[in-house]
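Chain by chain, the residues run as shown.
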Amino acid sequence: MKKILAIAISTIFGLGAKAQNNATITGKVTNNITNQVIIGTTVSLYKALDTSIFKIVVTDKLGKYSFDNVPFGKYGIAATNIDYQRNTIEAIEVSNTQILVKNIALINTNKLLDNVVVTSKKQYLERKLDKTVINVEAAITNAGSTALEVLEKSPGVSVDKDGNISLKGKQGVVVLIDGKQTYMGAQDLANYLQATPASNIDQIELMPNPSSKYDAAGNSGVINIKTKRNKQKGFNGTIKNTVATSKYLRTANTLNVNYKNGKFNVFSTFGQSQRRNLQVLSINRKYVNNENILIAIFDQTATFNKKKSNYNARFGVDFCATKKTTIGVVLTGYTNPSKDMGNNISFLKNSLGMVDSILVSTNSEKKNFNNTGANLNLRHVFDSTGKELTVDVDYLTYDSKQNQFFNSENLTAEMQKKYTELLKANLPTAIKIFSAKIDMTVPLKANAKIEFGLKTSMVNTNNVAGYFNIINNVSLIDNDKTNQFKYNENIHAAYINYSKTYKKWTLQSGLRLENTSYHGNQFGNPIKPDSTFAKSYTALFPTTFIGYTLNDKNDIGVSYGRRISRPDYESLNPFIFFIDKYTYEAGNPFLKPMFANVLEISHTYNKFLTTNFNYTHSKNLFNEYFEQLGYATIVKENNYGSVNDFSLSTNAEVKATKWLTVMPYVEVNHNIVNSQLNGFSLNTRGTSFNANINNQIKFSKKTNGEISGQYRSKMSRAQFNIGSQQQMSIAVSTQILKDKGSLKFYLNDVFNSGNNTGVINIQNTIASFTQKRDNRILGITFTYKFGKPLKILQRKTGGAGDEQNRIKS
């Protein structure tokens with residue numbers, strides 16, 4: 001044990017960890033039909049444990065390749081050629097100085113399209129050292145879904161009624177799009193993901209404990225949504241159309257076009273969708289005095305009819321300036337006009353349940369959320385060892401124009417009108433974001449690697465809330481609600497990350513330094529003064545990953561990391577925002593950032609069964625907190641105290657029969673909250689259970705089916721007690737039009753059971769709610785792939801050849 005510990009410690013710090021035995025791996029790449037050798041093929045040697053690339057070479061004029069000075073261990077080999085389908089050889093045990101690998105046979109792309117039906121498919125779940133990867137198209141019930149709906153079905157992920165995303169039972173997750181932050185609040189992000197078709201998504205990476213290369217933000221980790229990129233040479237593309245219905249008809253249309261030839265790669269995506277949702281929210285509040293005696297009851301039923309459109313475009317150009325350097329530009333645009341209509345009726349009752357007064361209100365809202373972005377990126381590969389430099393510069397703008405109108409009629413218990421209140425609001429928001437980062441990867445001797453980089457980001461926001469009371473057709477400003485809030489935030493970061501493989505050990509250790517400074521300015525009005533706040537702090541965030549291969553069938557991983565969750569800038573705005581007469585939202589400029597220490601232990605058996613234990617201790621926990629102001633409820637965020645989260649999960653991919661693959665996921669969470677707020681104890685503990693199962697059915701070479709289900713038990717945390725939720729979905733997919741097209745039929749939430757219920761314990765108030773949505777969706781998706789790859793002769797490109805085929809966006 002002492003010897004193993006000494007080896008592990010010395011490996012982490014790179015002290016004297018030189019491989020004693022190196023090997024040479026040789027092999028040949030051939031055509032699967034003619035058995036002729038294939039020259040100019042890029043061959044990658046990667047580590048079996050975490051799939052990180054060790055070395056890249058190109059086959060010579062005899063179709064041969066060779067890897068020298070390879071330390072003993074487990075590896076895999078991948079061969080890629082633009083005219084052929086990619087093929088891999090996995091689980092190569094390197095324990096001798098000379099390893100001859102069997103021929104890698106590649107299938108010609110043109111033959112594949114004309115005569116052969118592709119039956120292989122990606123795994124739905126892939127487990128790596130520091131992440132779990134979900135291949136979206138591997139689950140056909142994702143056809144016609146939105147990005148948010150795919151997330152809701154992902155193992156360990158849940159989305160609440162307000163769009164807050166949790167990972168392994170914890171909120172505070174950061175969602176990235178292609179590795180870049182969205183800088184949106186929970187509701188805006190939920191709207192964005194709901195308007196993004198799942199057909200635009202390639203993979204979802206779940207990282208409860210990401211490496212120091214990623215921003216430290218996110219108490220429960222990072223979710224990275226990777227969009228699709230076509231890397232095939234020539235002119236080609238995909239058309240996808242979806243028509244579905246729930247309570248109302250909805251459509252989604254996507255066009256992807258790509259042209260790649262010579263030194264240029266031009267790509268674009270255009271999307272359009274229309275959807276209409278119905279939602280019914282019922283709220284019951286019981287008010288008690290300090291002796292816990294009931295004094296009043298509030299009942300409200302609200303119906304929301306939401307109509308949303310989405311138009312998005314993405315255009316980019318990659319230029320291979322040299323064999324080793326690629327420069328790219330990506331432009332994005334997104335607009336999401338929506339129109340919401342709401343009707344609600346509220347009853348205020350005495351302790352005996354007799355109605356004292358009635359409020360009938362209608363509200364309408366028109367909103368247009370626009371986003372534009374520009375990205376400039378550079379990638380330079382120095383040599384075949386994997387030494388590379390990447391640079392990203394981003395400029396993003398978000399512009400939201402929102403207009404609301406409220407009509408509230410106050411009635412007596414006998415439904416006699418007492419008076420009418422008319423209120424309108426103009427709520428524009430502007431956000432500007434600049435971000436720049438540089439990353440460097442340097443391979444070292446003895447199978448080691450070091451990564452380091454710098455990043456800076458600047459965010460400027462301007463929120464205006466103009467409220468006006470309409471009296472005798474005259475608009476009078478309501479200074480009690482009207483406000484303007486400006487917020488500036490700068491974050492500067494530097495990181496270093498070291499990794500090494502030694503025999504059966506894989507180790508990675510990193511450190512990230514982040515400095516955060518922000519300044520908020522709440523403008524006053526005739527009845528409220530100006531107010532400002534500012535803060536600056538610096539923090540260190542270490543990360544460590546250790547992987548150990550016990551034998552051919554068992555791998556163990558241990559990781560530790562420190563994380564931070566910063567309050568949304570809207571949450572720091574101290575003014576009160578009007579929702580209805582009995583519900584308000586308010587910010588808190590004194591919110592502190594939340595810090596978390598995360599420990600994970602994982603075990604993988606035979607590469608199909610993974611068990612994971614996660615422990616997280618968080619301090620300065622902040623979350624929604626509910627206060628009473630008379631009969632009105634104020635929703636704000638506050639720092640609670642501390643929380644300990646425990647989770648145990650397992651997932652598998654089981655080939656039950658030749659025609660059935662079963663993929664279950666089971667998770668148990670337990671949380672202990674220790675805190676007090678405003679003299680109100682929030683010391684609670686609760687246990688919850690989550691389960692997903694995905695059954696893939698193969699009816700024939702061209703037709704597949706899927707049955708999936710999700711279940712979440714009751715869960716409690718601080719003030720919240722959320723009810724259980726379950727749903728089931730089915731789908732069938734078949735190839736048509738000589739396999740260039742496909743049809744997918746699906747029915748999501750078959751029993752329309754994916755609704756939310758819960759109880760919120762507020763000081764002197766107990767509130768319960770039920771949220772019903774039109775979740776049952778019947779739809780059909782048509783996909784057609786067009787274009788043919790160009791037959792371009794491959795030339796020997798050294799170590800940069802594969803990189804040119806993997807152009808970064």
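Residues numbered from 1 in each chain as written. Predicted model: local features only at pLDDT ≥ 70, side-chain atom pairs only at ≥ 80, totals over all residues. Heavy atoms only, no water.

### Digging into the overall build of the chain
When helices and strands are tallied, the chain shows five helices and 51 strands. With 809 residues in all, the chain has 52% of them scored as buried. Excluding contacts between residues fewer than 6 apart, the proportion of contacts in the chain whose partners are at least 24 apart in sequence is 65%. (Helix = DSSP H or I, 4+ residues; strand = E, 2+ residues; numbered from the N terminus. Buried < 20%, exposed > 50% of the residue type's maximum accessible area, 1.4 Å probe, protein only. Contact = heavy atoms within 4.5 Å.)

### Topic: a positive patch on the surface
Judged by side-chain charge, Arg-276, Lys-307, Lys-339 and Lys-366 come together as a positively charged surface patch. Given a relative accessible area of 32%, Arg-276 falls into the partly exposed group. (Patch = residues over 30% accessible without salt bridge, like charges linked within 9 Å, V, L, I, M, F, W, Y side chains within 5 Å. Areas by Shrake-Rupley, 256 points an atom, 1.4 Å probe, with all protein chains shown as cover. Salt bridge = Lys/Arg side-chain N within 4 Å of Asp/Glu carboxyl O. Lys, Arg positive; Asp, Glu negative; His and termini not counted. Charge placed at Lys NZ, Arg CZ, Asp CG, Glu CD.)

### Points about unusual backbone geometry
Phi at Asn-69 is positive, roughly 55 degrees, even though this residue is not glycine. Within the secondary structure, Asn-69 is located in strand 4 (residues 64-71). Looking at Asn-69, the relative accessible area reads 54%, which means it is exposed. Look at Asp-739: it is not a glycine, yet its phi comes out positive at around 70 degrees.

### Thoughts on the pattern of salt bridges
Pairing is possible between side chains that carry opposite charge, provided their charged atoms lie close to one another. If you walk through the whole model with that rule in mind, you get 17 salt bridges. Salt-bridge contacts for Arg-314 lead to Asp-178; the nearest nitrogen and oxygen are separated by 3.8 Å. Taken together, the residues span a long stretch of sequence, with Arg-314 in strand 21 (residues 294-320) and Asp-178 in the loop between strand 14 (174-177) and strand 15 (180-181) at a distance of 136 residues. Residue Asp-178 is classed as partly exposed on the basis of its relative accessible area of 21%. Lys-702 serves as the salt-bridge partner of Asp-739, at 3.6 Å between the closest nitrogen and oxygen. Of this pair, Asp-739 sits in the loop between strand 47 (725-736) and strand 48 (741-748) while Lys-702 is found in the loop between strand 43 (684-698) and strand 44 (703-712), placing the two residues 37 residues apart along the sequence. When its relative accessible area of 25% is taken as the criterion, Asp-739 is described as partly exposed. Each of Asp-215, Lys-455, Arg-512, Glu-514 and Arg-566 takes part in salt bridges that share partners, so that together they form one network.

### Brief notes about the pairing of strand 35 (residues 594-605)
In this structure, strand 32 (residues 554-565) lies alongside strand 35, joined through 12 bridges in antiparallel fashion. Bridge pairing links Asp-555 to Thr-604 in strand 35. With 11 bridges connecting them, strand 35 and strand 36 (residues 609-619) associate as antiparallel partners. When the sheet's bridge partners are listed, Thr-604 is paired in strand 36 with Thr-610. Hairpin connection of strand 35 to strand 36: three residues between the antiparallel strands, including Asn-606 at a positive phi of 55 degrees. (Pairing = 2+ DSSP bridges.)

### With respect to the packing of aromatic side chains
One pass over the full model with this rule turns up 14 aromatic pairs. The interplanar angle of 25 degrees and the centroid separation of 6.3 Å between the aromatic rings of Phe-485 and Tyr-487 together place this pair among those described as stacked. Between the aromatic rings of Tyr-518 and Phe-533, the centroid separation amounts to 6.3 Å while the plane-to-plane angle is 70 degrees, which identifies the pairing as edge-to-face. Highlighted residues: Tyr-518 in strand 30 (residues 505-523) and Phe-533 in strand 31 (residues 531-549), separated in sequence by 15 residues. Taking relative accessible area as the criterion, Phe-533 reaches 14% and is therefore assigned buried. Members of the aromatic cluster, connected to one another through ring pairs, are Phe-485, Tyr-487, Tyr-518 and Phe-533. Over the ring of Tyr-248 we find Arg-276; its NZ or CZ atom is 4.1 Å from the centre of that ring. Geometry around Phe-382 places Lys-387 over its ring, the cationic atom sitting 5.1 Å from the centre. (Phe/Tyr/Trp six-rings, centres within 6.5 Å; stacked < 30°, edge-to-face > 60°. Lys NZ or Arg CZ within 6 Å of the ring centre and 35° of its normal.)

### A word on the nonpolar core
Grouped together as the largest cluster of nonpolar side chains are 57 residues, with contacts concentrated most on Leu-151, Ile-165, Leu-193, Ile-204, Ile-223 and Ile-225. Those residues in contact with Ile-165, other than ones at most four positions away along the chain, are Leu-151, Val-157, Ser-158, Val-159, Lys-170, Gln-171, Gly-172, Val-173, Val-175, Leu-189, Leu-193 and Ile-223. Within the second largest apolar cluster, 23 residues are counted, among which are Val-57, Ala-79, Val-101 and Ile-104. (Core = buried A, V, L, I, M, F, W, Y, C linked by side-chain atoms within 4.5 Å.)

### Observations regarding the confidence of the model for the chain
Counting all residues, the mean pLDDT for the chain is 83, and 89% of those residues have values of 70 or more. Note on residues 1-20: pLDDT is under 50 here. Beyond four places in sequence and across chains, it has 22 contacts. Between residues 790-809, whose pLDDT stays under 50, and residues either more than four places distant or in other chains, the model counts 56 contacts. (pLDDT = per-residue confidence, 0-100.)

### Brief notes about the environment of Ser-649
By the secondary structure assignment, Ser-649 is in strand 39 (residues 641-652). In this structure Ser-649 comes out as buried when scored by relative accessible area, which is 4%. Apart from residues no more than four positions distant in its own chain, Ser-649 is found in contact with Lys-168, Thr-610, Thr-611, Asn-612, Tyr-665, Val-666 and Glu-667.

### Describing a nonpolar patch on the surface
Taken together, the side chains of Leu-550, Ile-556, Val-558, Leu-599, Ile-601, Phe-613, Leu-648, Val-666, Val-668, Phe-689 and Tyr-711 define a hydrophobic patch exposed on the protein surface, amounting to about 790 Å² of accessible area. Those elements that provide at least two residues to the nonpolar patch are strand 32, strand 35 and strand 41 (660-677). For Ile-601, the position within the fold is in strand 35.

### Some words on the sheet that holds strand 6 (residues 87-94)
Across the sheet, which stays open at both edges, the four strands sit in the order 3-2-5-6 with antiparallel pairing between neighbours. Taken across any chain shown, the strands that pair with only one partner, and hence form the sheet edges, are strand 3 (53-58) and strand 6. Taking the axes of each pair of neighbouring strands and ignoring which way they run, one obtains an average angle of 20 degrees across the sheet. Here strand 2 (residues 42-47) runs beside strand 5 (residues 73-80); their pairing, made up of six bridges, is antiparallel. If you follow Thr-42 over to strand 5, its bridge partner there is Thr-80. (Axes fitted to C-alpha atoms, helices over the stretch in contact; angles between N-to-C directions.)

### Section: the sheet that holds strand 11 (residues 157-159)
Backbone-to-backbone hydrogen bonds join strands into a sheet, with any given pair of strands oriented parallel or antiparallel. Taken together, three strands build an open sheet; the order of strands is 11-12-13 and the sheet is antiparallel. Where the open sheet ends on each side, the last strands, each with one partner, are strand 11 and strand 13 (170-171). As paired elements, strand 11 and strand 12 (residues 165-167) share three bridges and run antiparallel to each other. The residue bridging Ser-158 from the neighbouring strand is Ser-166, located in strand 12.

### Section: the side chain of Thr-616
Take Thr-616: it is sitting in strand 36. Judged by its relative accessible area of 0%, Thr-616 falls in the buried class. At 3.0 Å, the side chain of Thr-616 forms a polar contact with the side chain of Asn-614. Each residue touching Thr-616, except ones within four places of it in the same chain, is listed here: Lys-170, Asn-219, Ala-596, Asn-597, Val-598, Val-643, Asn-644 and Asp-645. (Polar contact = N/O pair within 3.5 Å; in protein donor to acceptor, adjacent residues only side chain to side chain.)

### A few points about the pairing of strand 17 (residues 222-227)
Pairing of strand 14 with strand 17 involves four bridges; the strand directions are parallel. Bridge pairing in strand 17 links Ile-177 to Ile-225. With six bridges joining them, strand 16 (residues 201-207) and strand 17 adopt antiparallel strand pairing. Bridge assignment links Gln-203 to a residue of strand 17, and that residue is Lys-226.

### Topic: the environment of Ala-217
The residue Ala-217 is located in the loop between strand 16 and strand 17 in this model. Look at Ala-217 and you get buried, because its relative accessible area is 9%. Each C-alpha atom of the pair Ala-217 and Glu-514 lies 9.9 Å from the other, and the pair is 297 residues apart in sequence. If sequence neighbours within four positions are ignored, Ala-217 has contacts with Val-174, Val-222, Arg-563, Ile-564 and Arg-566.

### Let's talk about the side chain of Asn-377
Examined against the element boundaries, Asn-377 turns out to sit in strand 23 (residues 355-381). Here the side chain of Asn-377 touches Asn-375 through a polar contact of 2.8 Å, side chain to side chain.

### Describing the environment of Thr-420
Secondary-structure assignment places Thr-420 in strand 25 (residues 417-426). On the basis of relative accessible area, Thr-420 is assigned to the partly exposed category, the value being 38%. Each C-alpha atom of the pair Thr-420 and Ile-471 lies 9.6 Å from the other, and the pair is 51 residues apart in sequence. If sequence neighbours within four positions are ignored, Thr-420 has contacts with Asn-407, Ser-408 and Glu-409.

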